Each structure stands twice: as C-alpha cells, then as structure tokens.
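Listed below are the residues making up each chain.
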Amino acid sequence: MKQLALSDKLAFGFTALFAVGTIGAARALPVIENAHSGPGSFPQALGWVLLFLALAGVYQGMKSSPPAAAEDEDSEARIRLPWLGGLTVAYLLVMPYLGFISSTALLFAAALAVLGYRRFAPALATGFLFAFLLYWGFGIMMNVSLPQGWVG
Amino acid sequence: MQELLLGASELLLSPMVWVCLFAGVTSGMIIGAIPGLSATMGVALLVPFTFELTIMPALALLIGIYCGAVYGGTIPAVLFRTPGTPASAATLLDAYPMMQRGEAGRALSLAAVSALVGGVIGTLFLIFLTPQISHFALRFGPAEYFALAVLGLSLISSLSGASMIKGAIATVAGLICATVGMDPVSGYPRFLFGSVSLMEGMPFIPVLIGLFALAEVFSGGGAAPVVEEKKKMKLFEWPHMADVVRCKWIAIRSAVLGTFTGSTPGAGADIAAFLCYSAARQQAGKDDVYGRGEPKGIAASEAGKTAATSGAMIPLLSLGIPGDSVTAVLIGAFILHGIQPGPLLFQDHGALAYAVLGLMLFAHVAVFIVAFSTARMMMAALKIDRRFLHAGILLLSLMGAYALRANVVDCWVALAFGVIGVGMRKTGIPPAPFLLALILGGMAETNWRRGLVLNDGSALFIWQRPISMILLLVAVVFVTLTVVRQRRPNPDSLLAKKSMVE
C-alpha cells in the first residue's frame with residue numbers, strides 16, 4: 001500500500017464530506033406515503049454513490065498511484081485566489097450601498113493591483129471607463145436594473 | 001412546389017432581410033463571446049427590437065443572433081479558455097491547447113469551417129427530414145428521455161481524462177447539484193439553504209461562469225498561455241487544407257449526430273457539442289491527441305453544436321415544439337408576428353416556411369463570412385495586457401451572472417463555483433463532466449420518477465421500450481469501450497517509461 005498524493009487526499013476527502021452532507025440533507029426531506037419515490041430519494045441515492053466513489057478513489061490511489069510531487073506554484077499565483085476572491089466578496093457586499101459604477105471601478109483597480117499592475121491612477125481611470133461601458137451596455141441597452149447606491 | 005420556392009426567394013431577396021441577417025449575426029457573435037450572455041438571452045433581449053419590423057427581417061435578425069451567438073462563444077473559449085456559451089465548453093478542451101502552442105488562428109479558422117459544415121448539413125436535414133425526425137422524437141416518453149440522459153452521462157466517461165473515478169465523482173456531484181430547487185414530482189423545495197432564488201434550480205449560467213471564467217482568473221499563472229518564444233503567433237490564418245482533409249469525416253459525422261441531438265426537445269447545442277466531442281474521442285486513432293490540441297476535437301464539437309441549432313428548428317417548424325430554450329423564445333417571436341409554427345405552417349404559409357429554412361442556411365454562411373472578416377480584430381484581443389484582460393473578465397463574468405435575473409445570488413453562485421473550479425483544477429477533477437451532469441440531471445431524475453409513477457414503482461420500464469433499450473445498450477457499450485481503451489497501455493506513457501529507463 002502506498003501513500004495518497006496530497007491532491008487525491010483533498011479530492012477524496014472533500015468528496016466524502018460532500019457525500020455525507022448530501023445523504024444527511026436528503027434524509028431530512030419528507031418521505032411521502034404511498035409514493036414510489038420522494039424528494040430525497042434521488043439525491044440520497046446519489047450521495048451513497050458519491051461516498052462509494054470517494055472510498056474507491058482512496059483504495060485505488062493507495063494501491064496504484066505514487067504520491068505526486070507537490071506542484072511548484074509561484075507566490076503571485078498563490079495569493080490570487082484569496083485576494084481576488086476576497087475582493088469579489090467585498091464588491092458584492094459594498095455594491096448595493098456604494099453604487100454600481102463606483103464600486104465596479106474600484107474593484108477593477110484593486111484587481112489590477114493584485115495582478116501586479118502598480119499604477120493606481122490609470123487603473124482607476126480604466127476602471128471607470130469599463131464601469132461606464134458596462135453600465136451603458138447592461139443598464140441602458142439591456143435594461144438590467146443595476147444598484148444606484150449613494151455614489152452611483 | 002415551384003410556386004412556393006419562388007415565393008420564398010422573393011421574400012429572401014429583400015435587402016432589409018440581408019441587413020438584418022448580418023446585423024443579427026454580428027451582434028449575436030458579440031453576445032455569444034461575452035461569458036454569461038447566452039443565445040437565449042440575446043434573442044429574448046432583441047425580440048422587442050423586432051416589433052417595428054415585418055416578419056422576414058424580424059426572423060432574419062433573430063435567426064442571425066441565434067446562429068451568431070452559438071459560434072461567438074467559441075472565440076473566448078479558444079483565446080482565453082473562457083467559453084462564451086455552454087456549448088463552447090467542449091471546444092476549449094482542444095482549442096485552448098492549440099492556442100497555447102501559438103495556433104489560435106488555426107484553431108479559430110478550423111472552428112469556423114467546421115461550424116459552416118455543421119450548419120449546412122444540419123440545415124439540409126432540416127429541409128429534407130423535418131417531418132420524419134420530429135415524428136420519431138414525438139414517440140419519446142419518460143423511459144426514452146431517461147435512457148437519453150443515461151447515454152449522455154455515459155459519454156462523460158471519455159471526458160474524464162486520466163482518472164475515471166475523478167470523472168465519475170464530478171458527474172455524480174453535478175447530478176446532486178442538479179437536484180437543488182423544487183422537486184420535479186412533488187414540488188417540495190430541496191437544498192435551498194434559505195435562498196428562494198434557488199427555487200428554480202441551480203442557475204446554470206453562473207455555474208458555467210464560475211467553473212470556467214472565474215476559475216481561470218483566480219488560478220491565473222499556470223493557465224496563462226505559454227506561447228513558445230520562437231513561434232510567432234499568427235493573427236489570421238486561412239483554414240489549413242491538411243486540417244480540413246483530416247477532420248472532414250469527423251465534422252460530417254458530428255453534424256449528423258448534432259442535428260439528431262438538437263431535434264430532440266430538451267437537448268440543445270450544449271449537449272450536442274459534448275456528445276459529438278465524446279463520440280469523436282471514443283473513435284480516436286493512434287495519432288489523435290484529444291485534450292492536447294487535437295483539431296478533430298474542435299471539428300467535432302463545432303460541427304455538432306452548429307448542426308444542433310438547425311436540428312432544434314426541426315420540431316419547432318414541423319410540430320410547434322421548441323427543440324431548445326432559444327427556439328422556445330423564437331416561438332414567441334413567430335406568434336408575435338401572427339405566425340403559428342406547427343404542422344399547418346407549411347400548408348398555410350408555405351413560402352414563408354421555406355424562406356425560414358433558407359434563412360437558416362444563409363445565417364450559417366453569414367456566420368462564416370463575419371467570423372473570417374473579423375478574425376484579425378478578435379485575435380487582436382490577445383495583445384491586450386493579460387492583467388487588464390483578467391480584471392475585465394472578472395467584472396464581465398460577475399455582470400454576466402448578475403444580468404441573467406438581476407439577482408445578486410447568481411453572482412455568489414458564480415463566485416462559489418469559481419473557488420470550486422480552482423479546487424477541481426488543483427485536485428485533477430475535470431469540470432466538463434460536472435457541467436454535463438448538471439445539464440442532464442433534471443432530465444434524468446424527472447423522467448426516472450415519472451416512469452416509476454406510470455409503471456407502479458417498477459424500474460423495469462426502461463427495458464420494456466425498444467428505443468430506450470437501444471439507447472441504454474449503446475451507453476453500456478460506450479462505457480465498456482472507454483474502460484477497455486483506458487486499460488490498454490498508453491503509447492505515450494510507454495515511451496516515457498522507456499526514455500526514463502534509458
């Protein structure tokens with residue numbers, strides 16, 4: 001028996017957790033009397049299949065695959081997900097209050113900073129240009145209701 | 001018949017029809033190229049613009065948007081690994097590796113030619129086989145639809161990449177996500193976690209945007225195109241004759257399969273693209289390198305998805321049943337202009353019906369012309385600083401998700417699936433099977449449970465109908481072939497081992 005690669009450990013671990021969660025949530029759904037299947041029957045069956053697959057993956061991984069070498073990832077790539085993800089969360093929370101155009105321009109400039117572009121003024125100017133374009137395309141042309149907020 | 005054709009050509013000869021057709025194709029390509037804006041949304045948004053037009057220019061505009069949007073999704077898929085529409089997700093599997101080799105022009109030109117082949121063959125089927133195929137699809141009941149979904153899911157096995165177990169995990173996870181929302185039989189809400197917005201089910205477009213577009217932006221570095229220094233990227237290329245010769249049979253076969261898939265109500269261009277790609281991959285020869293920039297992969301998915309657009313028009317025109325969500329919107333446009341699609345269309349408005357068939361054909365040709373005439377401009381996007389491009393894609397993706405229902409929940413869904421997409425990339429779980437399972441999950445569950453209700457709880461119903469039995473047997477054969485193929489020693493890995501020993 002060999003050791004599982006880290007990526008496999010994560011993949012099968014999360015899969016098993018997801019499967020157990022699905023089974024639990026599906027079991028909480030009501031069972032309809034005199035019916036051949038209820039709202040929870042299909043997802044519950046899928047949950048069990050997923051759990052089986054996770055266990056099969058662990059077994060197969062330990063039996064055959066050698067542990068893969070950890071991927072060499074540069075520091076910029078490593079910070080992208082938490083920073084850009086965090087910025088997006090902040091954007092979605094702030095947009096209704098600040099308004100679409102200003103919050104979009106700020107997100108654009110901040111995202112550029114995370115991606116390594118350090119000149120803030122051109123980034124913000126491009127952000128505003130982009131935000132106005134989006135506003136014109138979606139808000140005016142397509143009539144999508146966009147938050148006005150305090151600033152606009 | 002001659003009178004009808006003369007009447008149809010008279011309708012088609014109006015200059016306004018051609019202006020609207022090219023305007024529709026161009027705007028459709030732009031809409032399709034923006035992640036989150038689908039062909040359905042494009043057609044739905046532009047229906048009000050046709051109020052002032054007469055029926056033929058109005059239909060030319062809408063059909064142009066439909067065909068243009070389906071092709072338009074390919075452009076960002078090739079250039080940025082960000083499919084503009086769900087149907088283009090299959091194309092990127094081989095088109096993006098080609099782009100990384102510095103062959104974006106070759107990939108785009110091959111996609112345009114394949115789309116033309118698929119469109120023309122699909123429209124020829126539309127013209128000659130409309131009544132037959134529609135009648136066949138009409139015989140489908142729950143057993144057949146369930147079997148069709150199983151067949152679609154079995155095709156996923158060939159999209160699983162290196163690990164079939166990880167492919168299967170992605171499939172089952174996709175099926176579980178498809179159960180979010182209202183139970184199709186009892187109407188009971190499932191897995192909403194307090195959000196009423198999820199009542200209609202897991203929003204498909206935000207999931208697509210998250211898994212492909214946002215995951216690309218979030219994972220960044222490794223996914224950026226690595227073009228060899230020595231190789232200069234060509235910004236425009238005519239189709240390579242060698243590619244056309246190599247892919248011709250795959251394109252023709254995929255066009256036929258795509259037309260049939262598109263003509264089945266509920267199965268649109270997205271399912272057709274994956275189905276044709278998987279079928280092509282299943283028949284891979286020794287020299288074929290699917291998933292690593294194989295031109296046949298592009299030809300299969302592009303021909304299949306474009307043929308499906310014509311296929312979807314078959315039940316619409318002959319029976320008044322939409323083949324996919326876009327044709328469902330198109331029905332509304334027909335009715336809006338006083339025309340009721342269905343069996344009486346050819347009888348009461350014969351000339352118009354044939355003119356619509358002609359429009360479909362010319363729309364595919366127009367897509368080809370616009371695709372080539374704007375290719376250089378589209379490819380110029382590659383010169384944009386990737387930091388600006390990624391920031392732009394991030395915003396455009398969030399807007400695309402939001403614009404669908406003007407609901408911020410869709411942005412949260414896209415963000416969540418962006419993070420999940422990064423996780424999937426890092427752990428080697430393929431996102432394509434997840435996506436296909438999410439599309440097919442509703443069809444599978446609804447028809448399985450309907451079948452159980454209709455057959456007093458007996459699961460044997462799927463084997464009691466010949467069409468469903470054949471579809472299931474094909475699915476079994478497909479999975480068996482894939483497993484056997486995967487167990488066979490891979491020549492690449494043998495070579496690698498040999499070189500390591502040496």
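Residues numbered from 1 in each chain as written. Chains lettered and ligands numbered in written order. Predicted model: local features only at pLDDT ≥ 70, side-chain atom pairs only at ≥ 80, totals over all residues. Heavy atoms only, no water.

**Points about the overall build of chain B**
- Looking only at helices and strands, one finds 21 helices and two strands in chain B.
- Taken over 502 residues, chain B has a buried fraction of 60%.
- Taking contacts inside chain B between residues at least 6 apart in sequence as the whole, the part at least 24 apart equals 79%. (Helix = DSSP H or I, 4+ residues; strand = E, 2+ residues; numbered from the N terminus. Buried < 20%, exposed > 50% of the residue type's maximum accessible area, 1.4 Å probe, protein only. Contact = heavy atoms within 4.5 Å.)

**Concerning the pattern of salt bridges**
Residue and element names in this part refer to chain B.
- Using the criterion set out here, one finds 11 salt bridges over all chains in the structure.
- The partner of Glu 103 in a salt bridge is Arg 101, and the shortest N-O contact between them spans 3.0 Å.
- Of the charged contacts in the structure, one is a salt bridge between Arg 246 and Glu 294, with a shortest N-O distance of 2.6 Å. With Arg 246 in helix 11 (residues 241–263) and Glu 294 in the loop between helix 12 (269–282) and helix 13 (295–319), this pair connects stretches of sequence that are 48 residues apart.
- Since its relative accessible area comes to 33%, Arg 246 is described here as partly exposed.
- Ionic contacts of the salt-bridge type, sharing partners, join the residues Arg 101, Glu 103, Arg 106 and Asp 243 into one network. (Salt bridge = Lys/Arg side-chain N within 4 Å of Asp/Glu carboxyl O.)

**Quick look at the interface of chain A and chain B**
- At the junction of the two partners, chain A supplies 57 residues and chain B supplies 51 residues.
- Between chain A and chain B, roughly 4800 Å² of surface is buried when both sides are summed, and carbon and sulfur atoms account for 82% of that area.
- When the area that chain A buries against chain B is broken down by residue, the three leading residues are His 36, Phe 42 and Leu 92 of chain A, summing to 13%.
- Applying the counting rule to chain A against chain B returns one salt bridge.
- The shortest N-O distance in the salt bridge between Asp 8 of chain A and Lys 166 of chain B comes to 2.5 Å.
- Inspection of the region where chain A meets chain B yields seven residue pairs in polar contact (both at pLDDT 80 or more).
- For the side of chain A that touches chain B, the elements supplying multiple residues, two or more each, are helix 1 (6–27), helix 2 (41–63), helix 3 (75–98), helix 4 (100–114) and helix 5 (120–141) of chain A. (Buried area = accessible area lost by both parts, 1.4 Å probe. Polar contact = N/O pair within 3.5 Å; in protein donor to acceptor, adjacent residues only side chain to side chain.)

**Thoughts on the state of the cysteines**
- If you walk through the whole model with that rule in mind, you get zero disulfides over all chains.
- In this structure Cys 67 of chain B is a free cysteine whose sulfur lies 15 Å from that of Cys 20 of chain B, the closest cysteine sulfur available. (Disulfide = S-S within 2.5 Å.)

**Looking at the packing of aromatic side chains**
- Taken as a whole, this structure holds eight aromatic pairs over all chains when the rule is applied.
- Here Trp 448 of chain B and Phe 461 of chain B contribute two aromatic rings whose centre-to-centre distance is 5.7 Å and whose plane-to-plane angle is 40°, an arrangement assigned as tilted. Of this pair, Trp 448 of chain B sits in helix 19 (residues 431–454) while Phe 461 of chain B sits in the loop between helix 19 and helix 20 (466–487), and the two are 13 residues apart along the sequence.
- Look at Phe 461 of chain B and you get buried, because its relative accessible area is 3%.
- By way of ring pairs, the aromatic residues Phe 108, Tyr 117 and Phe 130 of chain A together with Phe 388 of chain B are connected into one cluster. (Phe/Tyr/Trp six-rings, centres within 6.5 Å; stacked < 30°, edge-to-face > 60°.)

**A few points about the environment of Gly 291 of chain B**
Residues and elements named next belong to chain B.
- Turning to its location among the elements, Gly 291 is positioned in the loop between helix 12 and helix 13.
- According to the relative accessible area criterion, Gly 291 is partly exposed, its value standing at 32%.
- Note: C-alpha distance between Gly 291 and Val 409 (118 residues apart in sequence) is 33 Å.

**What about the nonpolar core?**
- Core analysis: the biggest nonpolar cluster contains 167 residues, and Leu 84 of chain A together with Tyr 66, Tyr 71, Met 313, Leu 359, Leu 394 and Phe 434 of chain B have the highest contact counts within it.
- For this core, the element with the most residues is helix 16 (residues 350–379) of chain B, which contributes 13 residues.
- If sequence neighbours within four positions are ignored, Leu 84 of chain A has contacts with Ala 111, Val 114 and Leu 115 of chain A together with Val 217, Phe 218 and Leu 394 of chain B.
- One finds Ala 143, Leu 151, Met 443 and Leu 472 of chain B within the second-largest nonpolar core, a separate group that totals 17 residues. (Core = buried A, V, L, I, M, F, W, Y, C linked by side-chain atoms within 4.5 Å.)

**Focus: the packing of helix 9 (residues 164–178) of chain B against helix 19 of chain B**
Residue and element names in this part refer to chain B.
- Relative orientation of the contacting elements helix 9 and helix 19 amounts to 40°, with a least axis distance of 7 Å. In terms of axis orientation, helix 9 runs oblique to helix 19. Between helix 9 and helix 19 lies a crossing whose hand is right-handed. Residues Gly 167, Ala 170, Thr 171, Ala 173, Gly 174, Leu 175, Cys 177 and Ala 178 of helix 9 touch helix 19, and the partners they reach there are Pro 433, Phe 434, Ala 437, Leu 438, Gly 441 and Gly 442.
- Here the contact of helix 9 with helix 19 is composed, by residue class, of nine nonpolar, five polar and no charged. (Axes fitted to C-alpha atoms, helices over the stretch in contact; angles between N-to-C directions. Parallel < 35°, antiparallel > 145°, perpendicular 65-115°, else oblique. Left-handed = near helix turned anticlockwise from the far one by under 90°. Nonpolar A, V, L, I, M, F, W, Y, C, P; charged D, E, K, R; others polar.)

**Quick look at unusual backbone geometry**
All names here are of chain B.
- Even without being a glycine, Phe 191 presents a positive backbone phi close to 50°.
- Residue position: Phe 191 is located in the loop between strand 2 (189–190) and helix 10 (204–219).
- Judged by its relative accessible area of 13%, Phe 191 is buried.
- Located in the positive-phi region is Phe 193, a residue other than glycine, with phi close to 50°.

**Points about the packing of helix 2 of chain A against helix 9 of chain B**
- Running from N to C, helix 2 of chain A and helix 9 of chain B cross one another at 160°; their axes reach a closest spacing of 10 Å. Relative to helix 9 of chain B, helix 2 of chain A is oriented roughly antiparallel. Once helix 2 of chain A is placed against helix 9 of chain B, the crossing between them reads as left-handed. For the pair helix 2 of chain A and helix 9 of chain B, the contacting residues are Leu 46, Gly 47, Val 49, Leu 50, Leu 53, Ala 54, Ala 56, Gly 57 and Gln 60 of chain A in the first and Ile 165, Ala 168, Ile 169, Val 172, Ala 173, Leu 175 and Ile 176 of chain B in the second.
- Within the contact of helix 2 of chain A with helix 9 of chain B, the residues separate by chemical class into 13 nonpolar, three polar and no charged.

**A short note on the confidence of the model for chain B**
All names here are of chain B.
- The share of residues in chain B with pLDDT of 70 or more is 84%, and the mean pLDDT across the chain is 79.
- Taken as a whole, residues 221–231 scores under 50 in pLDDT and shows 18 contacts with residues more than four places along the chain or in a different chain.
- In the predicted structure, residues 491–502 sits below a pLDDT of 50 and forms two contacts with residues beyond four places in sequence or in another chain.
- Predicted complex, confidence summary: ipTM 0.89, pTM 0.72. (pLDDT = per-residue confidence, 0-100.)

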